[in-house]
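Structural overview for review
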Amino acid sequence: MIPRHQGRPRRAGWTVSGCPDAFATHGKHRAVPARQWVRGTADPAAAAISAATACSQLRWLAGAALLALAGAWVAAGPLGLAARPATVAGLLGLLLVAPLLEELLLRPGLQQGMALWLARRGASGPQAGAGAALLATAAFALLHAPAHGVVAAAWLLPGALLAETWRRTGSLAACVGLHGLMNAALWALSVAVAPGR
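We now turn to the structure provided with this report.

Reading guide: rules and limits
- Residues numbered from 1 in each chain as written.
- Predicted model: local features only at pLDDT ≥ 70, side-chain atom pairs only at ≥ 80, totals over all residues.
- Heavy atoms only, no water.
- Axes fitted to C-alpha atoms, helices over the stretch in contact; angles between N-to-C directions.
- Helix = DSSP H or I, 4+ residues; strand = E, 2+ residues; numbered from the N terminus.
- Parallel < 35°, antiparallel > 145°, perpendicular 65-115°, else oblique.
- Left-handed = near helix turned anticlockwise from the far one by under 90°.
- Contact = heavy atoms within 4.5 Å.
- Nonpolar A, V, L, I, M, F, W, Y, C, P; charged D, E, K, R; others polar.
- Salt bridge = Lys/Arg side-chain N within 4 Å of Asp/Glu carboxyl O.
- Buried < 20%, exposed > 50% of the residue type's maximum accessible area, 1.4 Å probe, protein only.
- Core = buried A, V, L, I, M, F, W, Y, C linked by side-chain atoms within 4.5 Å.
- Expected span 1.5 Å × (residues − 1).
- Polar contact = N/O pair within 3.5 Å; in protein donor to acceptor, adjacent residues only side chain to side chain.

On to the packing of helix α4 (residues 125–148) against helix α5 (residues 156–169), then. In contact at an axis separation of 8 Å, α4 and α5 are set at 140 degrees when each is read in the N-to-C sense. Taken as axis vectors, α4 and α5 run oblique relative to one another. Considering the relative orientation of α4 and α5, their crossing is right-handed. In contact with Gly129, Ala133, Thr137, Ala138, Phe140 and Ala141 of α4, α5 contributes Leu156, Pro158, Gly159, Ala160, Leu162, Ala163 and Arg167. Residues of the contact of α4 with α5, tallied by class, amount to 9 nonpolar, 3 polar and 1 charged.

Below, the structure written as structure tokens:
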């Protein structure tokens, strides 16, 4: 049992990096995760690893979102790429359906499947993950080739960003959300930069 210090523990706060402080200190006693103190069930090491992993993933997603917005600006501006569906159904397809279907096909389908296949053939975890990410990135660009031709090579960068997001988070929702954000930003910038085109 963990002794109480001055009646009750302090609540876990936030560190300078913006991530939750996983440990609540109790005077001269060892630090324990705040969740363990409140619920009495968490393993201290597992709670610390879980908090660190969540912080790392949140930082990655924040950075990826900024990169996605910057990439959409470059695509709509200097590269002259546009996403202007003519109908509401087309807009819904661009913002919801395309991200969902593409990410379902590429992340749990191709990328995860290829990583498992490479791992079964002796590749280490990082090698299998990197190989699968490269394949999924190329497949993402190839999916866009029929509509954009050679310019689809520009989709290698967002494809790499989405592949790395899957590799780091393992979250289909994060990939679909990031893909939808990229499409929404490209659509908004396409309309704002050249509304008459």
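Time to look at the pattern of salt bridges. Close approach of charged atoms allows side chains of opposite charge to pair. The tally for this structure, following the rule as stated, stands at 3 salt bridges. We note a salt bridge from Glu103 to Arg107, for which the minimum N-O separation is 2.6 Å. Note that Glu103 and Arg107 are positioned in helix α3 (residues 88–120) at a spacing of 4 residues, about one turn of the helix. Like Glu103, the residue Arg107 is buried in the burial classification. Through salt bridges with shared partners, a single network forms among Glu164, Arg167 and Arg168.

Let's shift gears to the nonpolar core. Core analysis: the largest hydrophobic core is formed by 20 residues, its most contacted members being Leu161, Leu178 and Leu186. Sorting the residues of this core by element identifies α2 (44–76), α3, α4, α5 and α6 (172–193) as the ones contributing at least two each. Examining the composition of this core, we find that 6 residues originate from one element, α2, more than from any other. With sequence-adjacent residues up to four places away left out, Leu186 is seen in contact with Ala72, Ala75, Ala76, Leu81 and Ala83.

What follows deals with α5. With 14 residues, α5 extends 20 Å between its outermost C-alpha atoms, agreeing within 8% with the 20 Å of an ideal straight helix rising 1.5 Å per residue. Burial in α5 covers these residues: Pro158, Gly159, Leu161, Leu162, Ala163, Glu164, Thr165, Trp166 and Thr169. Positioned one or two residues after α5, Gly170 has a phi angle of 70 degrees, which is positive.

Following both chains from N to C, one finds α5 and α6 inclined at 155 degrees, their axes separated by 9 Å at the closest point. Viewed along their axes, α5 and α6 adopt a mutual orientation that is roughly antiparallel. α5 and α6 meet at a crossing whose hand is right-handed. Along its contact with α5, which presents Pro158, Leu161, Leu162, Thr165, Trp166 and Thr169, the element α6 presents Leu172, Ala174, Cys175, Leu178, His179 and Met182.

A few words now on α4. For α4, spanning 24 residues, the distance from its first C-alpha to its last is 34 Å, which sits close to the expected 34 Å at 1.5 Å a residue. On the buried face of α4, the contacting elements are α3, α5 and α6. Where α4 terminates, the next one or two residues include Gly149, which has phi positive at roughly 65 degrees.

Looking now at the side chain of Arg107. By relative accessible area, Arg107 is classed as buried at 0%. Within polar-contact distance, the side chain of Arg107 engages the side chain of Gln111 at 3.1 Å. Ignoring any residue separated from it by four or fewer positions in sequence, one finds Arg107 in contact with Gln112, Ala136, Phe140, Gly159, Leu162, Ala163, Trp166, Leu172 and Cys175.

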